[in-house]
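Residue-level structural notes
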Amino acid sequence: MTTATLPAGAAPASAARPRRRVLPGFHLTLGYTLFYLGLIVLIPLSALLFKTFTLTWPQFWEAVTGPRVMASYRLTFGASLIAALVNVVAGLLVAWVLVRYSFPGKKIVDALVDLPFALPTAVAGISLTALLAGNGWIGQYLEPLGIQLAFQPAGVVIALIFIGLPFVVRTVQPVLEDAEKELEEAAMCLGATRWQTFSKVIFPTIAPALLTGFAMAFARAVGEYGSVIFIAGNVPMVSEITPLIIIGKLEQYDYAGATAVATVMLGISFILLLVINALQGWQRRRSGDLA
């Protein structure tokens, strides 16, 4: 039985056949992507901007720079920044323990990390208020010491820490799992201290993930509403967050003023996220140069 030979330079039919893709081609998927992003993101944001443009510049400036609005900016962005920084440290420690150690109940602890994702934000706010209020389980012991957490800016920070922690843990955890422990062992064999091993070997690897977790926790905290309004107390000029200002303007049928404040929040958040993304890119380039 003889087999047919292919002419020189001829490729098999299977090799010449175009590769089949699981998803449709580039043009169809790109078109669907742009349509979906436009429908879900661009159109609502455009409506927000168009409604804001109905105000004159003096009206816009008055709406976004009132005393109560400025106080809410300071509380919202300040508390979000503090909460995100705390979550970077706490989230790294939690992820480290879950990845590097085995202990009884580890799966339960790992599941509890995702609790803020599944728990309704209003339930989280009510629970924290019940714990930290003057007659709460924890607050009743702190109040006689002059420490008041509920209905104060400190309560806002605690609520934002609670809802932002999973973002850092779940971002850093897979990076730690994939990290090469041989590099740490080699560094310690060469005489590096624990701090040198962490700062020179471990931290450059997890730094982009930490920045990503920080950005996600910060973005979530800036727009958080449900878990904050119960524990904040909503005292004007003290514990009133910007989303509550927007809700108040909407209830007063001041739609243009509400969209003006929302536009300022959107602009500030966008600038901060751009800065964070630039830092991520710089960190990746720096890690590549060191490698």
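Structure's up top.
Predicted model, so just to flag it, every value in this text is computed and none were measured. (Residues numbered from 1 in each chain as written. Predicted model: local features only at pLDDT ≥ 70, side-chain atom pairs only at ≥ 80, totals over all residues. Heavy atoms only, no water.)

What follows deals with the overall build of the protein chain. Along its length, the protein chain carries 14 helices and zero strands. Along the protein chain, helices and strands appear, N-terminal first, in the series α-α-α-α-α-α-α-α-α-α-α-α-α-α. In the protein chain, which comprises 291 residues, the share counted as buried stands at 35%. Counting contacts in the protein chain only where the partners sit at least 6 residues apart, residues at least 24 apart contribute 76% of the total. Of the accessible surface of the protein chain, which amounts to about 18,200 Å², a share of 69% is contributed by carbon and sulfur atoms. (Helix = DSSP H or I, 4+ residues; strand = E, 2+ residues; numbered from the N terminus. Buried < 20%, exposed > 50% of the residue type's maximum accessible area, 1.4 Å probe, protein only. Contact = heavy atoms within 4.5 Å. Areas by Shrake-Rupley, 256 points an atom, 1.4 Å probe, with all protein chains shown as cover.)

What follows concerns helix 11 (residues 194-222). Taking 1.5 Å of rise per residue, the 29 residues of helix 11 would be expected to cover 42 Å, yet its terminal C-alpha atoms sit only 36 Å apart, more than 12% below that figure. Of all the bends found along helix 11, the most pronounced is centred on Phe203 and spans about 60°, while Pro204, a proline, follows it within four residues. (Expected span 1.5 Å × (residues − 1). Bend = angle between axes of the 7 residues up to and from the residue.)

Here we come to the packing of helix 4 (residues 67-100) against helix 11. Across the interface, helix 4 lies against helix 11 with an axial gap of 9 Å and an inter-helix angle of 140°. In terms of orientation, helix 4 and helix 11 fall into the oblique class. Here helix 4 runs over helix 11; the crossing is right-handed. Facing helix 4, whose interface residues are Thr76, Phe77, Ser80, Leu81, Ala84, Leu85, Asn87, Val88, Leu92 and Trp96, helix 11 presents Phe198, Ile202, Ile206, Leu210, Phe214, Ala217, Phe218, Ala221 and Val222. (Axes fitted to C-alpha atoms, helices over the stretch in contact; angles between N-to-C directions. Parallel < 35°, antiparallel > 145°, perpendicular 65-115°, else oblique. Left-handed = near helix turned anticlockwise from the far one by under 90°.)

A separate point is a nonpolar patch on the surface. Together, Tyr32, Phe35, Tyr36, Leu37, Leu39, Ile40, Val41, Leu42, Ile43, Leu45 and Leu266 make up an exposed nonpolar region whose accessible area comes to about 1,100 Å². Here the element with the most residues in the nonpolar patch is helix 2 (residues 26-52); it accounts for ten residues. You can see Tyr36 is positioned in helix 2. For Tyr36, a relative accessible area of 44% translates into the label partly exposed. (Patch = residues over 30% accessible without salt bridge, like charges linked within 9 Å, V, L, I, M, F, W, Y side chains within 5 Å. Salt bridge = Lys/Arg side-chain N within 4 Å of Asp/Glu carboxyl O.)

This paragraph deals with unusual backbone geometry. Its identity is not glycine, yet Phe151 carries a phi of approximately 65°, on the positive side. Along the chain, the position of Phe151 falls in the loop between helix 8 (139-142) and helix 9 (153-178). At Asn234, a residue that is not glycine, the phi angle is positive and equals roughly 55°. Looking at where Asn234 falls in the secondary structure, it is placed in the loop between helix 12 (226-232) and helix 13 (242-251).

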